[in-house]
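What follows is the residue order along each chain.
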Amino acid sequence: MKILVPLKRVADPDNANKIKVIAGKVDTTGLEFKPNPFDEYAVETALRLTENATNTKARLGEVIVVALGPKELDTTLRGALATGADRAIRVDTTDDALDGDLVARVLKAVVEKEAPDLVLIGKQQVEGDSNQVGQLLAEYLGWPQATFAGSIKSEADKALLVSREVDGGTLNLKVTLPAVVSVDLRIVSPQGAKSMHTAATHAYPEGVRFAALMAIMAAKKKPLVEMKLAELVGDASLKVTYGTAELPPPRKAGIKVKSVAELVEKLKTEAKVL
Amino acid sequence: MANTLVIAELHEGKVRKSTLSSITFARQVGGTFSILVLGAGAKAAASEVVVFGAAKVLVADDASLKDYVCERFAPTIAAVAKGGFDTVVVTASSYGKDLAPRVAAKLNAGYAPDISSVHVDGNKRVYRRPMFAGNAYGTCEVQTPVHVVSARQTEFTAAEPSGGASPIESVAVAAPDAASARVEFISLEQGKSERPDLGEARVVVSGGRALKEQFAQVLDPLANLLGAAVGASRAACDAGFAPAELQVGQTGRVVAPALYLAIGISGAIQHLAGMKGSKTIVAINKDGDAPIFQVADYGLVADLFTAVPELVGELKRTVA
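Nothing here was measured: the structure is a model prediction, and the numbers come from that model.

A short note on the sheet that holds strand S17 (residues 280–285) of chain B
On the basis of which strands lie adjacent, the open sheet formed by 6 strands has the order S16(A)-S18(B)-S17(B)-S16(B)-S14(B)-S15(B) and parallel pairing. Unpaired on one side and paired on the other, strand S16 (255–257) of chain A together with strand S15 (229–232) of chain B mark the two borders of the sheet. For this sheet, the mean angle separating the axes of adjacent strands, direction not counted, is 20°. By the bridge criterion, 4 bridges tie S17 of chain B to strand S18 (residues 298–301) of chain B in an arrangement that is parallel. Bridge assignment links Val282 of chain B to a residue of S18 of chain B, and that residue is Tyr298 of chain B.

Structure (structure tokens):
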């Protein structure tokens, strides 16, 4: 199976509460860039779907990672190559020249060049939190979509059984490839995603795999090609533009109560929620 | 003048209450709006939404829409939208989030996702939306003639009936996407619970990993007493102490009840993203430095295994 995984980097999501807004713009100075967590889960899923878990070094298929952005994104792409992806594509552009719709249209052009069987993408990137590119891409390609996947099982690499995490439960779909699947966090649980080559009983370690030092060195030699946005789409106009940002209104400072009795008293007389 | 199409969400033959948030959005935008109810059994459900002042309640009722498959629903929504609507809104539930981008792409429309408010100034409309897990708000404008919007349920209060009786009109079900031949609905598995839905509950009692195997044993009496929905942190779900559908946060549900009780939850950013909008937040945790206390209105540093039963007892004694 040939799988394409779009990647983005984001300001350290575990310190998102430290971002500032300066002159109406979000400022992430001081926060380290990290791969978007949901995209990392998509890479891990792609690796799981193209291997037999008893030998994770041999790729039984191909995993291509693609990013849109400036040169610095090569680091993010190399990181994915080090964990096992085969090659990388970077479409040279900047974040402020993009909206979700343009990202989807660029990815469509990349998909048409590469003809993968599957696009695996994080359900959302955790800066914009828009949750849209996978769905837009599926429509532009005329492919089926399965969003918010919490588990995937391959049926002979022709179809996927996808459990979607929806409000109040799970919705199970079978999609025949090619398709677009967006992943949620439980996809990287021990039983989350499994290829046709891996024993049904196999349990992966929780989370995403890390690259060994040797693999990081080897990844430097893996192919990474740069493409120009203008070569992929003729119309780079944006459908949505962003204006000023602001911090959320601060919450009124809370208090610590000393006892359960005091808590109940406050909830009754002060908050009036009981 | 705006003309908005509100997409209703059906669940077990009834219009989900979350739809009322999209009606509120349509009223705020002004002009006129209609409500599209689609799904098998939509005809019967349509009467539930005739009292909100919609110009029309449109019904697409067909056996092919029995189970939700985006590739079957989106074409009908897009076809109806093309009949003179400039805005399409759906509530940002998992249904709305799956559906809205596909509809936007069909309409060649810009999509404003998961918005928390709309500001209308003449012909200009500015949408405000949470970003960075709720740690910043951005404003955006849609540059296309047609706007597709998903509205956050917790930020748009449920519309109240305004009386009258909107006429109900049947609309044609459009041909499904060619891709629908490659999607097969297998099943929808839902946790059975007598409790209110997490997104609609006035009180949410949420538990973390600290509850261990006693998750339900400790929280159920409190939730029962308060008529609350039960939520959980990611850690509690991952450890298997609570089912995944209870998760509150960036993965899982976004809630904003009148009262949110965080029991043994440390307060990771991804969890705060799903509950920071709650009116009153109570945290009970034995670690006084846990980040949850930074957003809590009332914090109690205590062992939850003694504090929660004590809270149940105190509530029974003083409130019930």
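Now that the structure has been shown, we can carry on.
Describing the pattern of salt bridges
Counted by the stated rule, this structure contains 42 salt bridges over all chains. A salt bridge links Asp92 of chain A to Arg90 of chain A; its shortest N-O distance comes to 2.6 Å. Taking relative accessible area as the criterion, Asp92 of chain A reaches 31% and is therefore assigned partly exposed. Lys106 of chain B is paired through a salt bridge with Glu139 of chain A; the nearest N and O atoms lie 3.0 Å apart. Taken as a pair, Lys106 of chain B in helix H4 (residues 94–106) and Glu139 of chain A in helix H4 (residues 133–141) lie in two separate chains rather than in one. Overall, Lys106 of chain B belongs to the buried group, its relative accessible area being 19%.

Here we look at the interface of chain A and chain B
Contacts between the two partners involve 79 residues from chain A, matched on the other side by 85 residues from chain B. Between chain A and chain B the total buried area reaches about 7,000 Å² when both faces are included, carbon and sulfur atoms providing 54% of it. Considering only the surface of chain A that becomes buried against chain B, Asp167, Lys239 and Arg251 of chain A emerge as the three largest contributors, covering 11% of it. For the interface between chain A and chain B, the tally reads 7 salt bridges. There are 48 residue pairs in polar contact (both at pLDDT 80 or more) connecting chain A and chain B. Ranked by residues supplied to the side of chain A that touches chain B, first place goes to strand S11 (residues 169–176) of chain A with 8 residues. Across the side of chain A that touches chain B, the residue classes break down as 37 nonpolar, 22 polar and 20 charged. Pairing between S11 of chain A and strand S13 (residues 183–190) of chain B: 7 bridges, direction antiparallel. Of the residues in S13 of chain B, the one forming a bridge with Leu173 of chain A is Phe185 of chain B.

Observations concerning the nonpolar core
With 72 residues, the main nonpolar core has Val65, Leu120, Ile152 and Val181 of chain A as its most contacted residues. Once you skip the residues sitting within four places of it in the chain, Ile152 of chain A turns out to touch Thr45, Leu49, Leu120, Leu160, Leu161, Val162, Val181, Ile187, Gly192, Ala193 and Lys194 of chain A. In terms of nonpolar packing, the next biggest core, distinct from the first, is built from 35 residues, Val230, Leu246, Val282 and Ala302 of chain B among them.

Concerning the packing of aromatic side chains
Residue and element names in this part refer to chain B. Taken as a whole, this structure holds 6 aromatic pairs over all chains when the rule is applied. Arranged with centres 5.0 Å apart and planes meeting at 75°, the rings of Tyr68 and Phe73 form a pair that is edge-to-face. Taken as a pair, Tyr68 and Phe73 share a single burial class, namely buried. Connected via pairs of aromatic rings, a cluster forms that spans Phe25, Tyr127 and Phe156. Over the ring of Tyr137 we find Arg128; its NZ or CZ atom is 4.2 Å from the centre of that ring.

A short note on helix H9 (residues 304–318) of chain B
The first and last C-alpha atoms of H9 of chain B sit 20 Å apart over 15 residues, in line with the 21 Å expected at 1.5 Å per residue. Within H9 of chain B, burial applies to Leu304, Ala307, Val308, Leu311, Val312, Glu314 and Leu315 of chain B. Across the axial projection of H9 of chain B, the buried residues extend over an arc of 170°, all falling on one side. In H9 of chain B, the exposed positions that point more than 90 degrees away from the buried face belong to Lys316 and Arg317 of chain B. At its buried positions, H9 of chain B is contacted by helix H7 (260–269) of chain A together with helix H5 (215–226), strand S16 (259–263), S17 and S18 of chain B.

Description of the domain arrangement of chain B
All names here are of chain B. Each assigned domain of chain B is listed here: domain 1 (3–182) and domain 2 (203–318). The C-alpha centroid of domain 2 is placed 32 Å from the C-alpha centroid of domain 1. Taken together, the 5 residues of domain 1 in the interface contact 7 residues of domain 2. Note on domain 1 versus domain 2: buried area summed over both sides is about 520 Å², and carbon and sulfur give 53% of it.

Some details on the pairing of strand S10 (residues 159–166) of chain A
Residue and element names in this part refer to chain A. Counted residue by residue, S10 has 7 buried out of 8 residues, so it is predominantly covered. Relative to S10, strand S9 (residues 145–155) runs antiparallel, the two being bridged by 6 bridges. For Ala149, the partnering residue across the bridge sits in S10 and is Arg164. With antiparallel pairing between neighbouring strands as the criterion, S9 and S10 make up a hairpin whose turn holds 3 residues, including Ala156 at a positive phi of roughly 55°.

Quick notes on helix H1 (residues 19–29) of chain B
Residue and element names in this part refer to chain B. Across the 11 residues that make up H1, a large majority, 9, are buried. Among the residues making up H1, those that are buried are Thr19, Leu20, Ser21, Ser22, Ile23, Thr24, Phe25, Ala26 and Val29. Just past H1, the residue Gly30 takes up positive phi, approximately 90°.

Topic: the packing of H5 of chain B against H9 of chain B
Residue and element names in this part refer to chain B. Where H5 contacts H9, the axes come no closer than 10 Å and their chain directions differ by 25°. In terms of their interaxial angle, H5 and H9 are classed as roughly parallel. Crossing angle aside, the handedness with which H5 passes H9 is left-handed. The residues of H9 that touch H5, namely those facing Val218, Pro221, Leu222, Leu225 and Leu226, are Leu304, Phe305, Val308, Leu311, Val312, Leu315 and Lys316. Per-class residue counts for the contact of H5 with H9 are 11 nonpolar, no polar and 1 charged.

Rules behind the numbers
Residues numbered from 1 in each chain as written. Chains lettered and ligands numbered in written order. Predicted model: local features only at pLDDT ≥ 70, side-chain atom pairs only at ≥ 80, totals over all residues. Heavy atoms only, no water. Pairing = 2+ DSSP bridges. Helix = DSSP H or I, 4+ residues; strand = E, 2+ residues; numbered from the N terminus. Axes fitted to C-alpha atoms, helices over the stretch in contact; angles between N-to-C directions. Salt bridge = Lys/Arg side-chain N within 4 Å of Asp/Glu carboxyl O. Buried < 20%, exposed > 50% of the residue type's maximum accessible area, 1.4 Å probe, protein only. Contact = heavy atoms within 4.5 Å. Buried area = accessible area lost by both parts, 1.4 Å probe. Polar contact = N/O pair within 3.5 Å; in protein donor to acceptor, adjacent residues only side chain to side chain. Nonpolar A, V, L, I, M, F, W, Y, C, P; charged D, E, K, R; others polar. Core = buried A, V, L, I, M, F, W, Y, C linked by side-chain atoms within 4.5 Å. Phe/Tyr/Trp six-rings, centres within 6.5 Å; stacked < 30°, edge-to-face > 60°. Lys NZ or Arg CZ within 6 Å of the ring centre and 35° of its normal. Expected span 1.5 Å × (residues − 1). Arc of directions from axis to C-beta. Domains from an automatic or database assignment. Parallel < 35°, antiparallel > 145°, perpendicular 65-115°, else oblique. Left-handed = near helix turned anticlockwise from the far one by under 90°.

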